[in-house]
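Take a look at the letters that make up each chain.
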Amino acid sequence: DYLHKDVLDLNEFRQSLAGHKPDLLVMDACEMGAVEVAYQLRDSAKILVASEEIVGSKGLPHKDFLGHLIANPKQTPQQLAKDLIRLSADDTMNRLDKGKAPAAEQLAAIRLDRMQPLADSLAEMGRKLAASSIPRAKLKELIEETQHFNLDSDDRPDCDYRDIAHFCRLLSEEVEDSSLQAAAQKVEKTLAAATLANHNAGEELMEGNGLSVYLPSSPIQAAPTMKSPGGKHTLPQLAYQELDFDRATGWSQWLEMYFG
């Protein structure tokens, strides 16, 4: 809200959903397919449909979504979520065929009741990383090889969100530490169990597997802010350490150890 210089942060967003808990929460906004978002909203909805990447200015194909729901009113939430991913993929292909920019080049449906096991596995992997002897330069290289998002911008922290499964796969393949490899593989397994459906389009997003995580190879921003279009206003945001995910996993601790 640029008029009042305010941002609806994740704590306030969760409060706004209190007492409702929809079957599907569809996020027509950029980069909401992050584990930090999913974990914060783990008790606020049953399924999250969101994109790791930027969502185009035309937005998701809500007419197709609602038309499909009207035609199939008895679907389970799980099946409807899967169909929304398929409809979004079809919309992307149709737009590309017509030379238009797609709305969501990546979109996934995530089971929010599986967020605690995923957070637990990420916490364990973070502890293994903190205890490992991986050289800082090697870890920085693996992070920078990992699929990142907001591909058209170098703005931080946006471009520091990277695909969880891709990072875990790189750790498994390129680090000679059996305990860390096992931890990374467990994260992949728990993430797969939480992912109902996932779609990505284009070679630049081939490793978009459903959920991203904050993965900078430099110090974490101490006082995060966002700028309004044109840069006229600077709006404060929650610090990373204030998020439920970081409090539950200590994710920022191993990052600070390597890059702080």
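Check the entry above for the structure.
This report concerns the structure included in the present document. (Residues numbered from 1 in each chain as written. Predicted model: local features only at pLDDT ≥ 70, side-chain atom pairs only at ≥ 80, totals over all residues. Heavy atoms only, no water.)

1. Quick notes on the packing of aromatic side chains
Thinking step 1. What the rule picks out here adds up to seven aromatic pairs.
Thinking step 2. An angle of 35° between the planes, with centres 5.3 Å apart, marks the rings of Tyr161 and Tyr214 as tilted. Placement of the pair is Tyr161 in strand S4 (residues 161-163) and Tyr214 in strand S6 (residues 212-214), with a sequence separation of 53 residues.
Thinking step 3. Tyr161 sits in the buried class, given a relative accessible area of 18%.
Thinking step 4. The exposure class assigned to Tyr214 is buried, which follows from its relative accessible area of 3%. (Phe/Tyr/Trp six-rings, centres within 6.5 Å; stacked < 30°, edge-to-face > 60°. Helix = DSSP H or I, 4+ residues; strand = E, 2+ residues; numbered from the N terminus. Buried < 20%, exposed > 50% of the residue type's maximum accessible area, 1.4 Å probe, protein only.)

2. Points about the nonpolar core
Thinking step 1. Met125, Leu139, Leu171 and Trp251 are the most contacted members of the largest nonpolar core, which totals 55 residues.
Thinking step 2. Setting aside residues no more than four positions away along its own chain, Met125 makes contact with Phe167, Cys168, Leu171, Leu180, Ala183, Ala184, Val187 and Trp251.
Thinking step 3. If you look at the next biggest cluster of nonpolar residues, it comprises 15 residues, including Leu24, Ile47, Val49 and Val55. (Core = buried A, V, L, I, M, F, W, Y, C linked by side-chain atoms within 4.5 Å. Contact = heavy atoms within 4.5 Å.)

3. Here we look at the side chain of Asp160
Thinking step 1. Relative to the helices and strands, Asp160 resides in the loop between helix H6 (136-145) and S4.
Thinking step 2. By relative accessible area, which is 7% here, Asp160 ends up buried.
Thinking step 3. Once residues lying within four places of it in the same chain are set aside, the contact partners of Asp160 are Val213, Tyr214, Leu215 and Pro216.

4. A look at the state of the cysteines
Thinking step 1. Under the criterion given, the structure shown has zero disulfides.
Thinking step 2. Take Cys159: it sits in no disulfide, and the sulfur closest to it among the cysteines is that of Cys30, at 14 Å. (Disulfide = S-S within 2.5 Å.)

Shape is all these values report; function is a separate question.
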